[in-house]
Amino acid sequence: MSKRPAVIITGLPWIRSGTGKVMQAQVEYFKSLGWVTIFVACPFKRTDAYSRKIWKRFEEEKVDLDADFTAIASFWWRVSKPSITRRLWGRWHGQNAMHWALEPGRAASIPHTLMSVAKEFDIRLVLANHVYTFPVAQKLRTRWSSKAPIALVTHDIQSHVLLDNVEINPFTGQLDGSDVLLDTELRTLAGADYLIHVSSDDEEFFRSCLPSIPHKLVLPTIDSSFKGSDHGEEAPFSDFIFVGAGHIANYHALQWLLNDVWPLIDPDLRIKIVGPVKDLMSKRNPTLYATFQEFFTGSVPDVSQCYRGSRCVLAPMVTGRGVSIKTIEACAFGLPLVGTSFAYRGLPKLEVEAAGLRMYDEPEAFAEAARRAVDTPAPFQEASKRLYRRLFSGEAYASSMSQVLEHLGLSD
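Residues numbered from 1 in each chain as written. Predicted model: local features only at pLDDT ≥ 70, side-chain atom pairs only at ≥ 80, totals over all residues. Heavy atoms only, no water.

**Quick word on empty space enclosed by the protein**
Alright, step 1. Taken as a whole and assessed by the stated rule, the structure comprises 1 cavity of 30 Å³ or more.
Alright, step 2. The computed volume of the largest cavity comes to approximately 50 Å³.
Alright, step 3. Along its surface, the largest cavity is lined by Val22, Gln26, Leu127, Val153, Ile196, Val198, Val218, Pro220, Tyr397 and Met401.
Alright, step 4. Mapped onto the lining of the largest cavity, the elements with two or more residues apiece are α1 (18-32) and α19 (394-407).
Alright, step 5. Each residue belonging to the lining of the largest cavity can be placed in one class, and the counts come to 9 nonpolar, 1 polar and no charged. (1 Å grid on protein atoms, 1.4 Å probe; cavity = no way out; pocket = protein on both sides within 12 Å on 5 of 7 lines; lining within 4 Å. Points joined across faces, edges and corners; volume = space filled by probe spheres on them. Helix = DSSP H or I, 4+ residues; strand = E, 2+ residues; numbered from the N terminus. Nonpolar A, V, L, I, M, F, W, Y, C, P; charged D, E, K, R; others polar.)

Listed below in structure tokens is the structure:
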């Protein structure tokens, strides 16, 4: 009796985030093919030992993934910084902050329960999310002596993210140059059999850097369980909604929105700021947070209900990389969307313009558009729906993923 085909998906334990939405869509796609889905959560930092709360949260949130099997590949002892011996060794061998960022994946061990489960199926593909989980993906393939290819989803240019976050080289105590970090990232990515990108900018960049590896742009979609069915009129939530994870780009977006834009909007209108960005704002700018504390809800069990009860999505991004998932979520629900240029980063510009969406980078223009979006929502709604159909529909996503499988010789 032949074994059922299966895919192993490695990812960071960020389920209720933009990354999480991408991984949920991956699971849904492979399940639609009849494949068994095995998700392996990998550590992001050397402090992410099994005892850390991050894994308890993952166990609570993994239901959102809806994978057939889940496992955690981490380590028992947390390491906040390299030992003296490790620092000397790293300095001697010219290692940098990207090497240290890859260390958790290299230190992670594969649980025995995962191995016994995997033996029951025909593992046809290992799909790695982020360069940081690539070492785990390699271990999984080596453990089985499997010929299954590894396709890696880049989720941004991670060397640039390290620079954005001012990550210090733990071996030298100094900042690394961008070229040094990028070289380490590219050397790691070169080990993959296929590279998938969620941003057109990333695809163009990596294709020019690694021309010998096949590349594919697969723009994210929103899995059907998140959108749900049309439940009719939802209980009112807010006039405007901003959804944000605890990412620095969301912090900068809210600073601009609350300081420069909100004073120009009708005081009778309400906004709700949903997600872990609440904690980031309270820590980084307690004064601004205290002023607008009533706007913040923090994390919620079901953000889709918040979308359904809102009249307009605001995407006041002033920085950021990759693709903004909040932009895709707004389009998935057909809600009016008011965004800056950065809200549409990583998307084909001509497609955005053809859908009828405009970019508002000045506070006055953004505030005016926000007022129009709640007063006369129909044109904004139609523009969001058009962009979703053009770029983010389930059909478009499935078509792109099918091309990946076809290239790898995995299509039936």
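Picking up after the structure, the text goes on.
**A short note on the pairing of strand β1 (residues 5-11)**
Alright, step 1. In terms of residue burial, β1 counts as a mostly covered element, since 7 of its 7 residues are buried.
Alright, step 2. Burial along β1 is two-sided: Pro5, Val7, Ile9 and Gly11 and Ala6, Ile8 and Thr10, pointing in opposite directions, are all buried.
Alright, step 3. Looking at chain direction, β1 and strand β2 (residues 36-41) are connected through 6 bridges and run parallel. Bridging across to β2, isoleucine 9 finds its partner in phenylalanine 39.
Alright, step 4. In terms of handedness, the path from β1 via α1 over to β2 forms a crossover that is right-handed. (Buried < 20%, exposed > 50% of the residue type's maximum accessible area, 1.4 Å probe, protein only. Pairing = 2+ DSSP bridges. Right-handed = clockwise from strand over helix to strand, strands pointing away.)

**Comments concerning α19**
Alright, step 1. For α19, built from 14 residues, the straight-helix expectation of 20 Å at 1.5 Å per residue is met to within 8% by its first-to-last C-alpha distance of 20 Å.
Alright, step 2. Those residues of α19 not exposed but buried are Tyr397, Ser400, Met401, Val404 and Leu405. Considered in projection along α19, the buried side chains sweep an arc of 140° and stay on one side of the axis. Structural note: α19 exposes Glu395, Glu406 and His407 on the side pointing more than 90 degrees away from its buried face.
Alright, step 3. Residues of α19 that are buried in the fold lie against α1, β4 (122-129), β6 (194-197) and β7 (215-217).
Alright, step 4. One or two residues past the end of α19 sits glycine 409, with phi positive at roughly 75°. (Expected span 1.5 Å × (residues − 1). Arc of directions from axis to C-beta. Contact = heavy atoms within 4.5 Å.)

**Remarks on the sheet that holds strand β9 (residues 271-274)**
Alright, step 1. The strand order across the open sheet formed by 5 strands is β10-β9-β8-β11-β12, and the pairing between neighbours is parallel. Here the strands that pair on one side only, and so sit at the sheet edges, are β10 (296-298) and β12 (337-339). Taken pair by pair, the neighbouring strands of this sheet meet at an average axis angle of 25°, ignoring direction.
Alright, step 2. Pairing analysis gives 3 bridges linking strand β11 (residues 310-315) to β12, with the strands arranged parallel. Looking at β12, one finds that alanine 315 is bridged to glycine 339.
Alright, step 3. The strands touched by helix α17 (residues 363-375) within the sheet are β8 (238-243), β11 and β12, with β11 carrying the most contacts at an inclination of about 160°. (Axes fitted to C-alpha atoms, helices over the stretch in contact; angles between N-to-C directions.)

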